[in-house]
Amino acid sequence: MAPRLRGCLVVGGLLVVVAVAVLLHRGREPASRPAPSSGARAGEVAEVVEEKRLDERRMELTIRSPALAGTTKVRLLLPSGWESRRDWPVLWLLHGGLDDYASWTAKTDVDALTRNSGLMVVMPDGGKCGSYSDWWNGGDGGPPRWATYHLKELLPLLESRYRAGRERAVAGYSMGGQGAMLYAAKGYFKAAASFSGAVHILEPGVPQAVMAGTTIGCFGTDWKRVWGDPAAQRSVWRAHNPYDQAGKLKGVQLYVAAGAGDLVEDLANRAARAFAGRLERLGVPVRTHFYRGGHNHESWQRELHRAYPMLSRAIGAQ
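Heads up: these notes are all about the structure in this document. (Residues numbered from 1 in each chain as written. Predicted model: local features only at pLDDT ≥ 70, side-chain atom pairs only at ≥ 80, totals over all residues. Heavy atoms only, no water.)

Observations concerning the overall build of the protein chain
- Counting its regular elements, the protein chain contains 11 helices and 9 strands.
- Looking at the protein chain as a whole, 60% of its 318 residues are labelled buried.
- Here the protein chain displays about 12,400 Å² of accessible surface, and carbon together with sulfur accounts for 50% of that area. (Helix = DSSP H or I, 4+ residues; strand = E, 2+ residues; numbered from the N terminus. Buried < 20%, exposed > 50% of the residue type's maximum accessible area, 1.4 Å probe, protein only. Areas by Shrake-Rupley, 256 points an atom, 1.4 Å probe, with all protein chains shown as cover.)

Comments concerning helix α10 (residues 263-281)
- In this model α10 runs 27 Å from its N-terminal to its C-terminal C-alpha over 19 residues, within 8% of the 27 Å that 1.5 Å per residue would give.
- Listed as buried for α10 are Val264, Glu265, Leu267, Ala268, Asn269, Ala271, Ala272, Phe275, Ala276, Gly277 and Leu279.
- The backbone nitrogen of Val264 lies 3.2 Å from a side-chain oxygen of the residue at the head of α10, namely Asp262.
- Positive phi appears at Gly283, one or two residues downstream of α10, with a value of about 75°. (Expected span 1.5 Å × (residues − 1). Polar contact = N/O pair within 3.5 Å; in protein donor to acceptor, adjacent residues only side chain to side chain.)

Digging into the nonpolar core
- One finds Ile63, Leu76, Trp92, Leu158, Leu249 and Leu254 to be the most contacted residues of the largest nonpolar core, which totals 63 residues.
- It is helix α5 (residues 146-161) that provides the largest number of residues to this core, a total of 8 residues.
- When sequence neighbours within four positions are dropped, the list of residues in contact with Leu254 reads Met181, Ala192, Leu249, Leu279, Val284, Pro285, Val286, Arg287 and Met310.
- Membership of the second largest hydrophobic core comes to 26 residues, among which are Ala257, Leu304, Tyr308 and Leu311. (Core = buried A, V, L, I, M, F, W, Y, C linked by side-chain atoms within 4.5 Å. Contact = heavy atoms within 4.5 Å.)

Right, here's the structure in full:
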């Protein structure tokens, strides 16, 4: 992904801005158990408009979402004997910017890794520049509301119709690493993992990176729609910054990893180290892995394998 973005540069001075943009757009009180699911606003119910079984494990849903004011897709990997119970433990996998809901199965071996694990894998679309956030939109709110869609519409839909249980873990890469930590901080997941994640969005240069990343991922979109201005809307930025939300991760089993070896991954490494350091200062246990490697799916597949035993044990999977 990084080489394609670097190819877009016309001025060398923009390299850092765009590199951080890839990092950002690639991805309640603490509780000992995930919070129970809750529905969307009154009258807002997500609707499945198409259900497609791709093979013995893969199911693809097309969903009409009030929170997004449109349709979106989610891919499921079903466990063996899926119809035999109604409360399968669930692993959510969140993709990075410029990718989509199919990226995990297309670019990693997650199918083989989870084949005999006794859990359901949920891979929702998060938008090419969605940031796993309800967008600020000049203070008016409204769509896209990605967090509302995922947690208030999709999650209860999967529980009511697709045999998902309430034992949940979440992991994501790049932009999805940010989403994994933000969603875990809201109390919905027992374990969370970030691979090269955007887990500290208020480092110097990041506002410009949001501008570049939003422009690249969602061409023509005003970058301030996401979280507003980083100075004037500082509280909005902090509300979406895993670094600032770290205290809400108490009781969640955590894994944070990042590599070093290319410009984008070096930035992810700095963010991950800062985030892990804050967790440690707050007395929140975290397992970390810092390694030589780039900002790519090969690294993220390897890190999923490393984090997987912790994630699956946390939700009682085999």
